[in-house]
Structure formats: structure tokens, C-alpha cells
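Chain residues, written in single-letter form:
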Amino acid sequence: MAKLTFNNISKIYQPHNVMAVRDFNLEINDKEFVVLVGPSGCGKSTTIRMIAGLEEITGGQLYIDNVLVNDIAPKDRDIAMVFQNYALYPHMTVYENMSIGLILRRLPKSEIDQRVREAAKILGIEAVLNRRPMALSGGQRQRVALGRAMVREPKVFLMDEPLSNLDAKLRVQTRSEIVKLHKRLQTTVVYVTHDQTEAMTMGDRIVVMKEGIIQQIATPREIYESPANLFVAGFIGSPQMNFIDVVIKNDDGCQAIFGDIKISLPEEKSKKLKEGGYIGKTVILGIRPEDVYEAYKFTGQANHCKFEAQVDLVEMVGAESFLYLKIAENKIIIRVNSKDNYYGNTEFLFDASRIHLFDNESRNAI
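A quick note: this is a predicted structure, and the numbers were derived from the prediction, not measured.

> Residues and numbers for the state of the cysteines, please.
The final tally for this structure, using the stated rule, is 0 disulfides. Cysteine Cys 254 is unpaired, with the sulfur of Cys 305 as its nearest cysteine sulfur at 15 Å. Overall, the relative accessible area of 1% leaves Cys 254 in the buried class.

> Quick one: what's the story with the packing of helix 4 (residues 138-150) against helix 5 (residues 168-185), residue by residue and with numbers?
A pair of packed helices is characterised by two quantities: the angle between their axes and the separation of those axes. At a minimum axis distance of 11 Å, the contact between helix 4 and helix 5 shows a crossing angle of 20°. Between helix 4 and helix 5, the angle is such that the two are roughly parallel. Crossing handedness for the pair helix 4 and helix 5: right-handed. On helix 5, the residues that touch Gly 138, Gly 139, Gln 142, Arg 143, Leu 146 and Met 150 of helix 4 are Leu 170, Gln 173, Thr 174, Glu 177, Ile 178, Leu 181 and Leu 185.

> Talk me through the pairing of strand 1 (residues 4-13); I want residue IDs and the actual numbers.
Pairing of strand 1 with strand 4 (residues 59-64), which is carried by 5 bridges, proceeds in the antiparallel orientation. Residue pairing across strands places Phe 6 opposite Leu 62, the latter belonging to strand 4. Across 7 bridges, the pairing between strand 1 and strand 2 (residues 18-28) is antiparallel. Bridging from a neighbouring strand, Ile 9 pairs with Phe 24 of strand 2. The turn linking strand 1 back onto strand 2 is made up of 4 residues, and Asn 17 within it adopts a positive phi angle of 60°.

> Now, about the side chain of Arg 115: what can you tell me, with residues and values included?
Take Arg 115: it is sitting in helix 3 (residues 109-123). Within the structure, the side chain of Arg 115 is placed 2.8 Å from the backbone oxygen of Val 151, a separation counted as a polar contact. With near-sequence residues (within four places) excluded, Arg 115 lies in contact with Leu 102, Leu 107, Val 151, Arg 152 and Glu 153.

> Summarise the packing of aromatic side chains; cite the residues concerned and give the values.
All told, the structure shown has 7 aromatic pairs when counted by the stated rule. Note on Phe 231 and Phe 235: the rings are 5.6 Å apart at their centroids and 15° apart in plane angle, and the pair reads as stacked. Placement of the pair is Phe 231 and Phe 235 together in helix 8 (residues 230-235), with a separation of 4 residues, close to one helical turn. For the pair shown, Phe 231 and Phe 235 are each scored as buried.

> Tell me about the pattern of salt bridges, and name the residues and values.
Pairing is possible between side chains that carry opposite charge, provided their charged atoms lie close to one another. All told, the structure shown has 14 salt bridges when counted by the stated rule. A salt bridge links Glu 177 to Arg 143; the shortest N-O distance between them is 3.0 Å. You can see Glu 177 sitting in helix 5 and its partner Arg 143 sitting in helix 4, a full 34 residues away along the chain. For Glu 177, a relative accessible area of 24% corresponds to the partly exposed category. When its relative accessible area of 12% is taken as the criterion, Arg 143 is described as buried. When salt bridges that share partners are traced, they join Lys 11, Arg 49 and Glu 55 into one network.

> Lay out helix 3 with the relevant residues and their values.
Counted at 1.5 Å a residue, the expected span for helix 3 with its 15 residues is 21 Å, and the 21 Å between its end C-alpha atoms agrees. Taken together, the buried positions of helix 3 are Ile 112, Arg 115, Val 116, Ala 119, Ala 120 and Leu 123. Summarising the axial view, the buried residues of helix 3 lie within an arc of 125°, below the 170-degree limit, and thus occupy one face. Away from its buried face, by an angle of more than 90 degrees, helix 3 presents the exposed residues Ser 110, Gln 114 and Lys 121.

> Pulling in residues and values, what's your account of the environment of Arg 335?
Turning to its location among the elements, Arg 335 is positioned in strand 18 (residues 330-337). Of the residues examined, Arg 335 reaches a relative accessible area of 22% and is grouped as partly exposed. For Arg 335 and Glu 290, which are 45 residues apart along the polypeptide, the C-alpha to C-alpha distance reads 5.0 Å. Residue contacts for Arg 335: discarding those within four places in its chain leaves Ser 238, Pro 239, Pro 289, Glu 290, Val 292, Glu 320, Ser 321 and Phe 322. Only 2.9 Å separates the side chain of Arg 335 from the backbone oxygen of Ser 238, close enough to count as a polar contact.

> Mind laying out the sheet that holds strand 2, listing which residues take part and the relevant values?
Here we have 4 strands laid out as an open sheet, ordered 2-1-4-5, and antiparallel in their pairing. Each edge of the sheet is formed by a strand with only one pairing partner; in this case those strands are strand 2 and strand 5 (67-68). Where helix 1 (residues 44-52) meets the sheet, its contacts fall on strand 1, strand 2 and strand 4, and the angle it forms with strand 1 comes to roughly 115°.

Thresholds, definitions, all that
- Residues numbered from 1 in each chain as written.
- Predicted model: local features only at pLDDT ≥ 70, side-chain atom pairs only at ≥ 80, totals over all residues.
- Heavy atoms only, no water.
- Disulfide = S-S within 2.5 Å.
- Buried < 20%, exposed > 50% of the residue type's maximum accessible area, 1.4 Å probe, protein only.
- Axes fitted to C-alpha atoms, helices over the stretch in contact; angles between N-to-C directions.
- Helix = DSSP H or I, 4+ residues; strand = E, 2+ residues; numbered from the N terminus.
- Parallel < 35°, antiparallel > 145°, perpendicular 65-115°, else oblique.
- Left-handed = near helix turned anticlockwise from the far one by under 90°.
- Contact = heavy atoms within 4.5 Å.
- Pairing = 2+ DSSP bridges.
- Polar contact = N/O pair within 3.5 Å; in protein donor to acceptor, adjacent residues only side chain to side chain.
- Phe/Tyr/Trp six-rings, centres within 6.5 Å; stacked < 30°, edge-to-face > 60°.
- Salt bridge = Lys/Arg side-chain N within 4 Å of Asp/Glu carboxyl O.
- Expected span 1.5 Å × (residues − 1).
- Arc of directions from axis to C-beta.

See below:
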């Protein structure tokens, strides 16, 4: 397959001088599945279109297998792209849609037929090869689009929000099919999505973007457990991480204080705060909903700070519930078992070992 290298890639749209992508540096390894994720307008689709050659690169160099491709035409880059809207020819059958690229490359009919039928078998669409796209479901159309890309046996697969037009159930099913397909074909995949769940479940590595700038590049676990800054911490995770302004005091070890709540911080975090000159300053404390517990379940444990909070709302979502709490004029969300009932004021615990701290000015992780 192929390795992709981005050296200081930028994209500026004229005539209004809009910077869509800025100083994009990334190396994608051969056979790797990399997901570009971020909110709408962050530059992820522009980036993937520059790989495909559909957008001109304003600055920097893009290499595919160590070959500079900035000025190489899209048809000569040996790349296949799957679009959000499937981009199927409505007047052609599934078979014709899947084979059109191979016909244009003038491959022998026998090889075209073999490739199309093999891809159709892998994707489970053998029975619809003679139908037209209008006679297919959304999931079937997406498989056809994937099949059309597969038969070309390209160096790189590009996928631009391919599941966004599917319903929730079909999205989950197709997501797993794409992951299995990648493992089977061992291809290099660059996948674009605004859905952080897709990014976390599909990618070998995730590239989080904001306003055209890379915020963090890491594995899903690293991004979830060690976000580089406040944006990544809030964007990755559902419900998102809770944020509270706290003052750092050094009283027999570092403490994060807000209202009458005092959270004793672990030694490693205390050391960073002291070395960074944060004693007496306000920082942002972050804690994920699953790291705040019901007090009665964890009595007597170290690294826990007990507090009482008012339960404003209980939102049941199947096997778990989200509790909306009010604590010292701050509102937070926690995740609990939906079998338990909560009313009024209840005691909870912060897991101090799972706390994240961010600089109040730079918004970077401390």
C-alpha cells in the first residue's frame, strides 16, 4: 500500500484569504487507519481533498510513498475516495457502477468481472449487482461506493464522512464493517468524520483538528486519557468532560479548591503544579462523568474526595443514567447505573487520580 507524509501543508482560499489548513504535519504509515476528526469547518475535509488532488495545496509538500504529488493529477495518484453522498451513477446498475473505473483503465473484461464479483462477495451485495442505486437502501448504496473503491486496489483509501447519511443503527453496523474490511485488505485509510465516537472506535490513530490546526495526534486511548488541551478534552467523550475553575493551594500537599470543596491532588500532579508556579493561581479542573462516583459504593478509599450535591435531573439512556448535579455553583454531569434512584442532595466522590488540570490562559494540559 502506501505511506503519506505531510510537510507544513497549508490551504488558503481566495479571494478572501481564508486559512482553511495551517502548518499540517503528519506521517501516516503503510496500512494504518488514521481518522481526522473535529467540528464542522475545522479543515478535515479540505485536507482529505488535498490528498485526492481535488484541492490545490497552497503551501508545503505532500508525499505518497516518498513521491511528491503536489502537481500530480488526481487520476495519477492511485487513490480511491468514498464520498458522503455515495456519488453513484443513477442510470447504471451496481455492477456497472463498480466496474466503470476499471473499464476506463482498459483492464481485460475477465479481470474486471473477477474484481467486481469478489468485492461484491466481501461486502454482501452479490444479490443486488443488477439493480440500480434508487432500488437500494442507504446501507447498500454505501457498500456499493466502498466496492467501487475496493476494485481499483488503490494505494490509499480516502473516506469523507461516509456514514453521515445513515441512520444510527446502520451507522454502527457499517462502522464495524469498514474496520473489518480494513483488517482484511490491509490498506492505508484516511477517514474524515465529525463524530468522535466513530473516531474512537475506528482509528489506529486520531488527528484532532480545530480551525485548520492539529490539536493532538495519538491513539484513541491516549487522546481519551491524556488530552493535550481543553479543546481535545471537551471534544472527545460523550457526555463531555466536566470543567471547574479551581484555586491551587499548597497546604500539606497540593489541593484544588472551589467553594468549600477541597480535593487533595496526587503527588505527580502536585509536583507539576509546584514546578509550573501554579500555587495560589486559578486553573481549570477537568473530570470525566464516569470518574465521579456514588459515595456509598466507595467508602474508605484513598484518592477520593467526598462532596454533597443536588441532583437536578436524571436522564436515563438504557443501562446507564446521566445525573446533572449542582455543586458549589458549578454544574456537572456524571454517569451511573440506571437501576439506582437519586433524589435531592446525595453524596458523591471525585476520583482524584483521574483529574485533569489545564492552564487557565493557554488551555494546555498541565
